[in-house]
Amino acid sequence: MPSQSLAYAVLFGHVAFIVVGALMTVLSQNLVRALVGLIMTLFGVAGLFFLMSAPFIGLMQILIYVGAVSILIFFAIMLTQSWSSGDEAQGPSRKRAVLASLTALAPALFLGLTIIFKSPPSLLVAEETEVSALGRFLLEPYILPFELISLLLTVAMAGAVILGFERRKQR
Amino acid sequence: MDIQLAWLCLTLPLLGVLATPLLARVGTTVMTYGAVFFSFLTALSAVMMLPLLFTADVLPLESKILWLSTPITVTFGVLLDPLSIIVANVVAVISFFIMVYCIGYMKGDPAIMRFWMLMNAFIGSMLLLVLADNLIILFIGWKLVGLCSYGLIGFYYRDERKYWIGGPEPNAYDKPSACGVKAFIVTSVGDMLMLGGILIVYFYSRTFNILELYQTAPQWFPLMAETPWLIVLVSILLIAGPVGKSAQFPLHEWLPEAMSGPGPVSALIHAATMVKSGVFLIARFIPIFYYGYWTAGVEEAMYFFLIVAWIGAITAFLAASQGLVALELKKVLAYSTVSQIGFMMLAMGVAGFSQELLVKGYMAGTFHLVSHAMFKACLFLCAGTVIHAVHSIYIHEMGALRKFLPFTWLFMGLATLSLIGVPPLPGFWSKEAVLVATLESQHYLLFTVVIVTVVFTAFYSTRYFGMIFHGQASDHLRKETDKPHHHVGEGYLPQTFACGILAVGIVTFGLLGPKAEHALYSLFNTQLVTDLGMATKTFTPVFSTSLVVALSIGSVLIGVIPAYLFYFSRTWDVNAVYERYAFIRAVHTFLWNRWYINALFNWIFVRGVMQAARAVADKIEVAVDGAINKKIPAGVFSVAALSNWFDQKAIDGVVDGTATNFQNTGSALSQMLSGKIQDYLAVAVVVAMLVGGVTWLMIR
Amino acid sequence: MMPEVSPMLIYHLVALFLLCTGLFGVIYRRTLVGMILGIELMLNGAGLSIMASAQLTPTPNEIGQVGTLLVMGIAAAEATLLLAIVLVVTRRFKGVEAARLATMRG
């Protein structure tokens, strides 16, 4: 069906975007290019969220990840001056590549087998849920995680500030 | 009145002792004359008892007061019979003269109050001993005499160098304090044995009273005789006291050392009084054993007399031989005293050998006691003067003193002649009596020993006299006389006076010699035969008296002539003889070392006891101490060490070994930990997956 | 037996791919920031997997969406802290390589 094949095309387009981005992230010598790859991946994932009939989450993805986390990582790159490093230029050793591949393949193997053979049947199209329902969900059954996550965020911010201050005190 | 005199004799010296410190408060001279006055009163009381001798039928007199009534009855009393009156007079009179001598001799001595107190105490104790009517009081007096003697011998107890006796170099010296202790201990040995004998006798006789012992002898003596050897044992025990007190063999070693006291003390104690107390006590026991042998027929009672006689003879010979080589003046006189007392003991022992000899021997012993007291006291006093004048105790450091000390020369000469036994002096008569008694007993060996002793006596007496007053002055003496204010001369007037009186007494007594002998003979006859009923026979001499006289004078000459040639006229040279004959040298060394008896006693008793004490201390005390203080803690510690070793090796070994094993494994494994988190993560993921996979495969 | 290719499968496989790639990146990268990138990839993979599992199954969708939101929030908090830590560590160790942080060696 043309819509179905269009859907698939969009889906795999996004998947390709994700794959390329991910590969860029991990394989790029230049950290800024790796960051760009990450952003591509993040956008790709957001697109997938959209395709799953969860526009809110997709937008959240973009807002949080691309908008905050990526900038944070960018700040990290800038403050630690790691982009100019000759370390990355040298490149990791062959042994490390093998080790990394092995480590990556292990879950790939096991989890892949589990996913392929043990997953329940899926719907073709997801149902969209209203944001209000999501909000009501957060405030009634899942109030505890909601409060906890806010607590977590506060603590994280405080911790980051303390870490920053501590450095100054040591001078 | 008569018996009260005896009580006076006892109490006056005691009053003197108590009065002396009080008089000392007034002044030293007052105290001195006061002490001497008390002894004068004592002598007076004793002399006033002498008339009793002429009415001897009255004797024995006794007076007593009850002292203890439970558990046994003991009375405190005095007994007067010829023996005790005579000896008490000897003691009291000679003590008085010696006290007079001390006025001069001890002048200026800082401890003179102690001296007077001890002297009076001594006189009182001696009189207590002599006048006692029972054995317990006698023993009390006996021990008190020993105590006073200890105090007087060790008078210079601070052991200043000038009071040391012994030597000359390189021979050892003796300190006064040690001498006092030696005297006391040696006599105490005898005293304790005697006490044992007295108690055994009491066990059988149930009485201590001397007269009662004599009178009840028929009852208890045979009882004692039933046990075999008991009489011999009692004899030995009873003789041991006199042997100790009178310095007879084998307890004779203390008397030479007793010369460390002041001169007059030696005169009093060791010439006149204390050493005579042994003879006195033997005389007191003779009637009992005489009765036992001759009347009761107990064979063993003869042992008493045999032991006494042989001890006397051996001692006389022994001491006289030692006097031949002695170099200290007072030591020569001390050996002489021991030897002469041996004569007395011999006479007393001979008294029991036959029924004819009882009174003869008894009388001879007592006669010699009296005459010896007189001339020996005179000798010691003169010796004190000489020593004081020359500042030396050695006769080889004197010589040619006749011109310095003429009076002393005269008095000492008279006394020496009496000692040798030259008629008409009393020493001759008394020695005659002893020799006659011995010969008549027909124990010829005893007689030979005694005759040889007479030779020795003559030799050594002449020797010392010659070395002191004749010949040439020694270097020491020359040094003394060269000093500007030398006092090599007669001492104070009291000293010369006392010696003079004694010398006069000697001569008088000598002239009265035979009469005195007869008088004593009849006195003792009355006492022993008439009063006590001893069974005797009339004395019929086997040998003529002229034989004895010839023998004695002959032996005197044998002794005197060589000594004269050696020491008076220096015709023969002593040193040449000494060097020429090795035999003489060997004999000299033997005699000089006192037949090595002193060394033997020292080795056995002194060193033996010390070594035993040390051995006990080392083995037992140190061992026990060591066990408690060292071994037991050491044992505990060693157990602890064992436990520690076990703990360290075994337990710690296991624990540490396990830990080390783990550590080694860990460190081997931690080689893997490179510190790189990426590697950790890689490994973790891979292993997690593997584990998960395996688990999943298993539980599928 | 050939599984049926469903959208959920594809989403899951993509999520798995992100996970593995992120893991690879964490181990492969030398610098700390490189490792942070890998961590973000892994978190994304996890979120995607949670969403797919909730949306495309009878499970109520809110669970999945809330879960993904939580993951995102945690990722943000964590990224904050990571920045601070990385700065501190870089100052401390005077370098940016992860290999320097080997003080816990052995």
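Residues numbered from 1 in each chain as written. Chains lettered and ligands numbered in written order. Predicted model: local features only at pLDDT ≥ 70, side-chain atom pairs only at ≥ 80, totals over all residues. Heavy atoms only, no water.

Quick notes on the overall build of chain A
Within chain A, the secondary structure is distributed over seven helices and zero strands. Sorting the 171 residues of chain A into buried and exposed places 37% on the buried side. For chain A, the exposed area adds up to about 9,900 Å²; of that, 72% sits on carbon and sulfur atoms. (Helix = DSSP H or I, 4+ residues; strand = E, 2+ residues; numbered from the N terminus. Buried < 20%, exposed > 50% of the residue type's maximum accessible area, 1.4 Å probe, protein only. Areas by Shrake-Rupley, 256 points an atom, 1.4 Å probe, with all protein chains shown as cover.)

Topic: the interface of chain B and chain A
Contact with chain B, which involves 11 residues of that partner, is made by eight residues of chain A. Between chain B and chain A lies a buried interface of about 860 Å² when both sides are counted; carbon and sulfur atoms form 77% of it. The interface formed by chain B and chain A holds zero salt bridges in total. Counted by class, the side of chain B that touches chain A contains seven nonpolar, two polar and two charged residues. (Contact = heavy atoms within 4.5 Å. Buried area = accessible area lost by both parts, 1.4 Å probe. Salt bridge = Lys/Arg side-chain N within 4 Å of Asp/Glu carboxyl O. Nonpolar A, V, L, I, M, F, W, Y, C, P; charged D, E, K, R; others polar.)

Quick notes on the interface of chain A and chain C
Listed as interface residues are 86 residues of chain A and, on the opposing side, 68 residues of chain C. Summed over both sides, the interface of chain A with chain C buries roughly 7,000 Å², with 78% coming from carbon and sulfur. Where chain A touches chain C, the interface holds zero salt bridges. Between the two partners, chain A and chain C, sit eight residue pairs in polar contact (both at pLDDT 80 or more). If you list the elements that add at least two residues to the side of chain A that touches chain C, you get helix H1 (2-27), helix H2 (31-51), helix H3 (55-80), helix H4 (86-90), helix H5 (94-118), helix H6 (131-139) and helix H7 (143-170) of chain A. When grouped by side-chain class, the residues that make up the side of chain A that touches chain C number 63 nonpolar, 17 polar and six charged. (Polar contact = N/O pair within 3.5 Å; in protein donor to acceptor, adjacent residues only side chain to side chain.)

Some remarks on the environment of B:Tyr578
Residues and elements named next belong to chain B. In this structure, Tyr578 sits in helix H24 (residues 574-580). With relative accessibility at 31%, the residue Tyr578 sits in the partly exposed group. A sequence separation of 10 residues divides Tyr578 from His588, and the C-alpha atoms of the two residues are 8.5 Å apart. With sequence-adjacent residues up to four places away left out, Tyr578 is seen in contact with Ile584, Arg585 and His588.

So, the packing of H3(A) against helix H3 (residues 61-93) of chain C
Two numbers describe how H3(A) lies on H3(C): the axes approach to 10 Å, and their chain directions differ by 5°. One element, H3(A), and the other, H3(C), form an angle in the roughly parallel class. Here the contact of H3(A) with H3(C) is built from residues that sort into 19 nonpolar, six polar and no charged. (Axes fitted to C-alpha atoms, helices over the stretch in contact; angles between N-to-C directions. Parallel < 35°, antiparallel > 145°, perpendicular 65-115°, else oblique.)

Considerations on helix H2 (residues 32-55) of chain C
Between the first and last C-alpha of H2(C) there are 35 Å, a value that for 24 residues agrees with the 34 Å anticipated at 1.5 Å per step. For H2(C), the buried fraction is high: 19 of the 24 residues fall into the buried class. (Expected span 1.5 Å × (residues − 1).)

Quick word on the confidence of the model for chain C
With 96% of its residues at a pLDDT of 70 or more, chain C shows a mean pLDDT of 88. Both scores are given for the predicted complex: the pTM is 0.63, the ipTM 0.90. (pLDDT = per-residue confidence, 0-100.)

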